[in-house]
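# Descriptive structure summary
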Amino acid sequence: MEQSINPTENQPPKLYLGQDYQTIIGIGLLMLSGLLFVSYKSFYLSNGNLMQGVFIINFIIAISYTILLFTNGLMYFFKKKDKINSSKHILILWSLWIVSCFALNRNVGVFNESSDWLSVAVCISLIVNCLFAWDEQITNKILRFILYFLLTFSFVLWMYFSIYLIPLYPVSVIGMLFLGVSFHSYIPLILAIALGRILYKKWSLEKRTISLSLLSILVMVVSFIVIYSLKTKEIKRLETMTLVSSTKENVPMWVKISQKMGDDWISERVLKSDLIYQKFTGDGFSSFLPQFGLQDLLRHDPLVMVASAVAPKLNLSQEERIKILETRFDARHYTEERLWSGANLRVNDVITQTHIYPQYRLAYTEKTITILNNGDNNRWNTEEGLFTFFVPEGTAVTSLSLWINGKEETGILTTQSKADIAYRTIVGVENRDPSVVHWQEGNRLVVRVFPCTPKENRRFKVGFTSPLLFEEKTKKLTYENIYFKGPKLENTDESVFIEFDKIPKNVDSSRDWTVFEGTKIQHEGMYKGDWNISFDAPEFATTSFAFQDKNYQISPTKAVAESVIWKDIYLDIDKTWTSSDVERIINLAQNKNVRVWNDKWILLNKDNQESTIKELQKQEFSLLPVREIKDLNTALLITKSKTNSPLLKDLSETDLMESFKKSNEEIRLRTFVFDDLSPYLKTLKELRIIRCEYGDFQKLEGILRDNKFAQNIENQSVVSIQNAQMNIQEIATTKVSDAPDHILRLFAYNRVMSNIGHTYFDKKSLEDSLLNTAVLGNVVTPISSLIVLETKADYERFDIKKNKNSLDNATHKKSGAVPEPHEWALILLVCGFLFYHFRKNKVGLWN
């Protein structure tokens, strides 16, 4: 007699949400393991072993659930027929092991950090693996379609990782003899097999969904490969066209390619392959060693990996691709040369202290930054902190401090070449404490700090003197925060303190502030780089700053126009221009010559205008050679570009820049700006090679009609700060006043920039002659840098001396006039008289 079969026999009891407790425990453990993995960056241990600790916890969790399934008779994965349906437990199990794999990868580094879309894809895969536990309960057609569509996607994803890890399989067999950690190499393959078995069993019921998912993935991958290949071919075509070009212009190939290639995300990945994105090399792994700071950006993207295996190979060198990335994709910080790695560094906290002087239209900001090294506590984890600060136009670094053995040590200003030699010698050879700050083009400054070790946090402080931005229409001043790129900014705390001499009217800001002590406001929270604060502009202060028998007086810039006979109009055309823009300017120009640059000067006429403009509009940026304009007295340059562009230093030794070296022309090219300036033109403006007026077509019409342009009022005793609509004048006088010393600092910075001018490419020869001006205000410029060394002997060895007849490092603790030598004599005379008086009459302390 046959025994009746109970369909629920051997089935685990349902406890919660229709699932057995093994399933619920597995999902709970997966959530815990995933939470530990994604949140480890929020918590750091002083010994730097947190990443290893997180992996061990993930590893133990996976082992624990494996033991749980085994002891409950649910490990039937390797049998052809399961006694019960354990597939849901198996998917959860291997999902736990996948988290352990990624945790281990942080220490072993088999593949780089996942790209954004891949991180999302992995998370979706792990979630859908858990949702499969409710397969029998899901009856809605749409929900079942989503479930099996994503399960198929998950299968393809882990098949990719399985293939990627094939080179490790032989080595992992040997490694399994040691603690079994190398077993992780096989986890993606095992999970892919588990998913494949489920899809195979469900094929008859879900074949349409599975087929559609596979087809969708295939179409997506093939489409990416095709577009990737086309973008690669386009870059190769541009390279070929540059090589066969008949132009005699000596411009690097990468400049021409960067000028014409698109800025879409696939073109970016083509350039970044093997620099940032791992690339197929025949064995599944990229063979490059990351240079510069690119290790902070390294990513693993399966689409790039697959596409690079079939796409044509670029002929561009690594250096040329890096130059294009710098120019087009804002990667200059990450391509700065490094003497040591900074991979384990993060910014622990930032303290911003700002004193705003509305009546002087300037501000002084100090950024105190603490660096934390999360590497292992060993001698190999000494690293270099590299920071790029982005500052408002006209800003000068006026102080630098480094904490050495718990004490703040201030920097000394010297020539850029001496500072560079000292830093490289000490960091590259002797491995001791220095910090240095260098001026860079494009309103940037680079600070280096060394050494940063796991043993202690590293702290430095850098001070900036900035003009305030004045808006003519609203009559408001705006303070723009100085932000930076550097080590990782994850859960970085920031405290911001702003002090005014007097709280201004109609304050408006993109941040929330707490008012304390009347004229001070503060903000506490997570670091945020992009913010500003604006307020009504008060009347200019009448007091000046006195130093060395000279006074430095501010005054508003008065609009004084000079007469000009316009003959030639030069259009700086790129993709930001429209055909109607050009047509409108030609109509305003009337009988004047309108010229454009396309490897040579072209005079626009009815025959060539349309074709020439269309060609120039394909350019991502322009590099108009302003020093090749013949008659600067009658020329007007018109630009509206604000896109990224090469810098002057990128163009040294080219024909474009040879014209700068040969020119002795002191006339500044009159330039009308519709929107903003490219980095290339911004540097020309700071060097006083061009002088600008900003406005719209109505203002341009008036300039051309009236033959007028703003007069150049600068000379050796007057500098003009255009964005603040302010002049600073140096006056020979013995008058003592109490204005902030930052007036002199801004004067010195602008005077150095003006004197460098067209000799920029020979600026090293100007270091000695211009250093005294830079030292006067203690300002960092193209020829001067601030450096902090560990000992007095270090300064003496590199011939770096402190100038006693100059301003010191700027500080919030002091401002105003420094006593002159004759004033010190007067002070000593008065003190001597008072001492004699009190001594004679036995009063005061002698009572």
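Below is a summary of the structure that appears in this document. (Residues numbered from 1 in each chain as written. Predicted model: local features only at pLDDT ≥ 70, side-chain atom pairs only at ≥ 80, totals over all residues. Heavy atoms only, no water.)

With that settled, consider the sheet that holds strand E7 (residues 407-410). Pairing is mixed in the open sheet, where eight strands are placed in the order E7-E6-E11-E4-E3-E15-E18-E17. The sheet is open, and its two edges are formed by E7 and strand E17 (514-516), each paired on a single side. Neighbouring strand axes in the sheet, compared pairwise and without regard to direction, differ in orientation by 20° on average. Where strand E3 (residues 345-357) and strand E15 (residues 493-500) come together, eight bridges link them in parallel fashion. Pairing of threonine 352 across the sheet is with valine 496, part of E15. (Pairing = 2+ DSSP bridges. Helix = DSSP H or I, 4+ residues; strand = E, 2+ residues; numbered from the N terminus. Axes fitted to C-alpha atoms, helices over the stretch in contact; angles between N-to-C directions.)

To continue, consider unusual backbone geometry. Negative phi characterises most residues that are not glycine, and trans characterises most peptide bonds. Cis geometry marks the peptide bond from phenylalanine 450 to proline 451; its omega dihedral reads -10°. Here proline 451 is to be found in strand E10 (residues 444-452). A positive phi angle, close to 75°, is found at aspartate 274, a residue other than glycine. Unlike most non-glycine residues, glutamine 590 shows phi in positive territory, near 55°. Residue classification places glutamine 590 among the exposed positions, given a relative accessible area of 62%. (Buried < 20%, exposed > 50% of the residue type's maximum accessible area, 1.4 Å probe, protein only.)

This part is about the sheet that holds strand E12 (residues 469-471). Spatial strand order, E12-E13-E19-E16: four strands in an open sheet with antiparallel pairing. Looking along the sheet, the strands with just one partner apiece sit at the ends: E12 and strand E16 (508-509). Where strand E13 (residues 476-480) and strand E19 (residues 532-536) come together, five bridges link them in antiparallel fashion. Considered in E19, the bridge of glutamate 480 is made with asparagine 532.

The next thing to look at is the pattern of salt bridges. Applying the stated criterion to the full structure yields 47 salt bridges. The partner of arginine 691 in a salt bridge is glutamate 562, with the nearest N and O atoms 2.5 Å apart. Pair noted here: arginine 691 is in strand E28 (residues 690-694) and glutamate 562 is in strand E22 (residues 561-563), with a separation of 129 residues, a long-range link. Here arginine 691 matches glutamate 562 in class, with each residue buried. Three or more residues are tied together by salt bridges with common partners; here these are Asp135, Arg144, Lys202 and Glu206. (Salt bridge = Lys/Arg side-chain N within 4 Å of Asp/Glu carboxyl O.)

Tallying each qualifying case throughout the model produces 38 aromatic pairs. A centroid spacing of 5.5 Å and a plane angle of 50° characterise the contact between phenylalanine 389 and phenylalanine 484, whose relative ring orientation is tilted. Here phenylalanine 389 is found in strand E5 (residues 383-390), whereas its partner phenylalanine 484 is found in strand E14 (residues 483-485), with 95 residues between them in sequence. Given a relative accessible area of 0%, phenylalanine 389 falls into the buried group. On the basis of relative accessible area, phenylalanine 484 is assigned to the buried category, the value being 4%. These aromatic residues form a ring-pair network of at least three members: Phe102, Phe111, Trp158, Tyr160, Phe161 and Tyr164. Lying across the ring of phenylalanine 329, arginine 328 places its NZ or CZ 6.0 Å from the centre. (Phe/Tyr/Trp six-rings, centres within 6.5 Å; stacked < 30°, edge-to-face > 60°. Lys NZ or Arg CZ within 6 Å of the ring centre and 35° of its normal.)

Attention shifts here to the environment of threonine 209. When you line up the elements, threonine 209 lands in helix H8 (residues 203-244). On the basis of relative accessibility, which here comes to 9%, the residue threonine 209 falls in the buried class. For the pair formed by threonine 209 and phenylalanine 145, sequence separation is 64 residues and the distance between their alpha carbons is 6.0 Å. Not counting chain neighbours up to four residues away, the residues in contact with threonine 209 comprise Phe145, Tyr148 and Phe149. (Contact = heavy atoms within 4.5 Å.)

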